[in-house]
Amino acid sequence: MRLTPLTCAALTLASRVVAQTKVTADNTTQPVSFFYTRPLSEAPALNVTLQADFTPGYVFVSPYKAIKPAPYIYDKFGNLVWDGYGVTGSANAHNFRPCEYRGQPHLCFTQVNQQNGYGIGQGVIVDSDYKVVATVQTGGNTEPADMHEFQLLNDGDTAILSAYQIVPFDLSYFNITTGLGWLSEGVFQEVNVTTGEVLFEWFSTNHVDPSESQITPNSTDTGGDGFGPQTAFDYFHINAVDKSAASGNYLVSARHTSTLYYINATDRDVIWKLSYQGDSDYSCSNFNFSFQHDARLLSENDTTTVLSIFDNASNGYTTTTSQSSGKVIALDHNTGVATMISNTTFPSDEGVLSTSQGNTQALGNGGFFHSWGNQPYFSEHSANGTAVLLAQFAAQGSAQNYRAFSADWDSTPATTVPDVYAYAINSTAATRIYVSWNGATSVSSWQFYGGSSVGDDLLVVGQTAKEGFETFWEADKFYQWVRVEAIDADGNALRNSSYTGTFVPSAMLAGACDESGCGVASSYSS
């Protein structure tokens, strides 16, 4: 059964079993979840406002500028599945999604110290137990990896990484003649994941002159003024790299030139360029685009290349269209004409204008999944463009998300156990039990055990279906000690929790509590 619309933070089930998702903050700032079994979690509370016939799978996001920036997994009903806060250390995570590594599903993301418009860090590979198994760095004399691109190839034998290289440069073309200027150039490398060997690298200044930029120094919030290394002029702004399975060549997207470049994997030359604003080898017959992100090759043959982009249509200063969108474009190599095949916009009459970030993921059913960049939404669309899912994770102008993905994922974490909290107002009241297991996707139900002491054999006292991230169940009477067992859909036992004592408030505290729990302390007693 589909529940439409569903706001996970306000979901109430008319039974004794409820998914306990409380919300702190408010819906005009950054609503975050609260769970008894994971009290330090402040995962964004999704507001799912549209649900229809969406594809199976989970949603992978990594909001930053959030209360707790981290990679997170949700189901498409808005329930948290995995809270990854801490896995990235004190850095931000970007580009978070499943990836294949050594024949097994893993999770990949970039871990970066955030700069103005880019990042400095590394690629990270995490296994299905949510443990870091490998990191990937750039090599040679290139700066550390940037946030914009990290993609495993060949079952994880190699990886593509982007980077931003700061170099001294003659910027007299831009009227900077009082001294030496500083330029940020776009770089990407393909490296061997195991050895770190650089197999291929490309530097934008060797092939794209700064005069081709669609911005000038000190004209945008991320462009830089060119007066020093910390404010280098970012004329190129590399934000996507995709390798052709057919030719081995590379497709590169540069935001600040509003151009796509098809790079020869042998001599590094630009084979062709696609742009609406700048120099282009193809004319855009029925569309325009600008300041795009996430260029991906969908199909190629001798006469036609089909690719997708997220068309921001604006950088906040120059706008070519009133709405951002996901576009599929066909390039005819014989005629030199580029034709838009499909255009997917945000599911509202006015749409949205995402002035940075965003992505367009092609799904197996012909539909698309979008992150709307600096606008705090993600959505899924069917092949005909109809929206089948829309969710918001923060207020506009607060948290942002670089890319979002829809994909399958399966995990029964090998090194953790379910978390349990048990409560009763007194020793004659029924015990209330809360249970969750961060990241576990295989749990179908929970079996509850209760007893008077840890030394006793605890008896089975009930079972209930898993609901949301944290499931609540009320026992028939008081149990001093409880334990919970995770059960899969076939009835197999997965893992037991630790023994957990039932919390009973003292006589002094009982006045601030009732049968459902205790209020949050906000002051000292007089």
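Under an unreviewed UniProt entry, the name given to the protein chain is Arylsulfotransferase, and the organism recorded is Aureobasidium pullulans.

A. A look at the nonpolar core. Formed by 25 residues in total, the largest nonpolar core has its most connected members in F188, F236 and V252. Mapped onto this core, the elements with two or more residues apiece are β14 (158–169), β15 (181–192), β16 (198–203), β18 (238–243), β19 (250–254) and β20 (259–263). Ignoring anything within four residues of it in the chain, the contact list for V252 reads F188, F236, I238, A240, V241, T259, L260, Y261 and I263. One finds V48, L389, A391 and F469 within the second-largest nonpolar core, a separate group that totals 23 residues.

B. Here's a closer look at the domain arrangement of the protein chain. Each assigned domain of the protein chain is listed with its residue range as follows: domain 1 (47–407) and domain 2 (419–516). Computed over C-alpha atoms only, the centres of domain 1 and domain 2 are separated by 44 Å. Each partner contributes residues to the interface: domain 1 has 7 residues there, and domain 2 has 6 residues. Between domain 1 and domain 2, a total of about 530 Å² is buried, with carbon and sulfur atoms accounting for 53% of that surface. Run the count over domain 1 and domain 2 and you get 0 salt bridges. Scanning the region where domain 1 abuts domain 2 turns up 3 residue pairs in polar contact (both at pLDDT 80 or more). Sorting elements by how many residues they give to the side of domain 1 that touches domain 2 places strand β8 (residues 80–83) first, with 4 residues.

C. Quick look at the sheet that holds strand β12 (residues 132–136). Strand order in the open sheet formed by 4 strands is β9-β10-β11-β12, and the pairing between neighbours is antiparallel. Since the sheet does not close on itself, it has two edges, and those belong to β9 (92–101) and β12, each with one partner. This sheet shows a mean twist of 25° between the axes of neighbouring strands, independent of strand direction.

D. Molecular detail of the state of the cysteines. Scanning the model with the defined rule gives 2 disulfides in all. One disulfide in the model links C99 with C108; its S-S distance is 2.2 Å. On the sign convention where negative means left-handed, the S-S torsion of about 80° between C99 and C108 marks this disulfide as right-handed. Using a relative accessible area of 10% as the deciding quantity, one classes C99 as buried.

E. Up close: the sheet that holds β8. Spatially, 4 strands are ordered β8-β7-β6-β31 in an open sheet, and the strand pairing comes out antiparallel. At either end of the open sheet lies a strand with only one pairing partner, and these are β8 and β31 (405–407). Each adjacent strand pair in this sheet contributes to an overall mean axis angle of 25°, direction not counted. Strand direction decides the pairing type here: strand β7 (residues 72–75) and β8, joined by 3 bridges, are antiparallel. From the neighbouring strand, Y74 faces β8, where its bridge partner is L80.

F. Main features of the pattern of salt bridges. The tally for this structure, following the rule as stated, stands at 13 salt bridges. Notably, a salt bridge pairs D83 with R38, separated by 3.8 Å at the nearest N-O pair. Separated by 45 residues along the polypeptide, D83 in strand β8 and R38 in the loop between β4 (32–34) and β5 (47–51) bring together distant segments of the chain. Owing to a relative accessible area of 4%, D83 belongs among the buried residues under this scheme.

G. Geometry of the pairing of strand β38 (residues 493–496). As paired strands, strand β37 (residues 481–487) and β38 are joined by 3 bridges and run antiparallel to one another. Among the inter-strand pairings, A486 is bridged to a residue of β38, identified as R495. Remark: 5 residues form the turn of the hairpin made by β37 and β38, two consecutive strands paired antiparallel; G491 in that turn has positive phi of roughly 85°.

H. Spotlight on the environment of W182. Inspection of the secondary structure puts W182 in strand β15. The exposure class of W182 is partly exposed, given its relative accessible area of 22%. As a C-alpha pair, W182 and P229 span 47 residues in sequence and 5.9 Å in three-dimensional space. Here W182 is in contact with I166, V167, P168, F169, L171, G226, F227, G228, P229, A232 and F233, once residues within four sequence places are set aside.

I. Expanded view of unusual backbone geometry. Here the phi dihedral of A313 falls at roughly 70°; this positive angle occurs in a residue that is not glycine. When you line up the elements, A313 lands in the loop between β24 (304–311) and β25 (325–332). Exposure remark for A313: the relative accessible area of 0% places this residue in the buried category.

J. Summary view of the packing of aromatic side chains. Under the definition given, this model contains 32 aromatic pairs. Ring plane angle 20° and centroid distance 4.5 Å describe the contact between W82 and Y130, whose orientation is recorded as stacked. Taken together, the positions of W82 in strand β8 and Y130 in the loop between β11 (119–126) and β12 put the pair 48 residues apart, joining distant regions of the chain. Both residues of the pair, W82 and Y130, count as buried. Seen from their ring centres, W202 and F236 are 5.9 Å apart, and the 50° between their planes marks the pair as tilted. Linking W202 in strand β16 with F236 in the loop between β17 (233–234) and β18, this pair joins segments that are 34 residues apart in sequence. For the pair shown, W202 and F236 are each scored as buried. A cation over an aromatic ring shows up here: R97 above the ring of F405, its NZ or CZ 5.9 Å from the ring centre. The side chain of R483 reaches across the aromatic face of Y499, ending 4.4 Å from its centre.

About the thresholds
Positions within a chain are numbered from 1, following the residues in the order the chain's sequence is written. The model is predicted, so local features are restricted to residues of pLDDT at least 70 and side-chain atom pairs to those at 80 or more, both for listing and for counting; the totals for chains, interfaces and linings are taken over all residues. Side-chain metrics in this entry use all non-hydrogen atoms of the structure; hydrogen atoms and water are not considered. Buried Ala, Val, Leu, Ile, Met, Phe, Trp, Tyr and Cys residues that are joined via side-chain atoms within 4.5 Å together make up what is termed a nonpolar core. Think of it in three bands: residues with accessible area under 20% of the maximum for their type are buried, residues over 50% are exposed, and the middle band is partly exposed, with areas taken using a 1.4 Å probe on protein chains only. Secondary structure elements follow DSSP: runs of H or I of four or more residues count as helices, runs of E of two or more count as strands, with numbering from the N terminus. Two residues form a contact once any of their heavy atoms are found within 4.5 Å. Annotation comment: domain bounds sourced from an automatic or database domain assignment. Here the buried area means the combined drop in accessible surface, using a 1.4 Å probe, for two parts upon being joined, counting both sides. Any Lys or Arg side-chain nitrogen located within 4 Å of an Asp or Glu carboxyl oxygen qualifies as a salt bridge. For the purposes of these results, a polar contact is taken to be a pair of N or O atoms within 3.5 Å, where, inside protein, one atom must be able to donate a hydrogen and its partner to accept one; residues adjacent in sequence count only when each atom of the pair is a side-chain atom. Two strands are counted as paired when DSSP detects at least two bridges linking them. Note on geometry: axes are lines fitted to C-alpha atoms, helical ones only across the stretch in contact, with angles between N-to-C directions running from 0 to 180 degrees. Note on terminology: pairs of cysteine sulfur atoms within 2.5 Å are recorded as disulfides. The pairing test for Phe, Tyr and Trp rings, Trp by its six-membered ring, is centres within 6.5 Å, and the orientation test on the planes gives stacked under 30 degrees, edge-to-face over 60, and tilted for anything in between. The criterion for a charge sitting over a ring is simple: Lys NZ or Arg CZ within 6 Å of the ring centre, and within 35 degrees of the ring normal.

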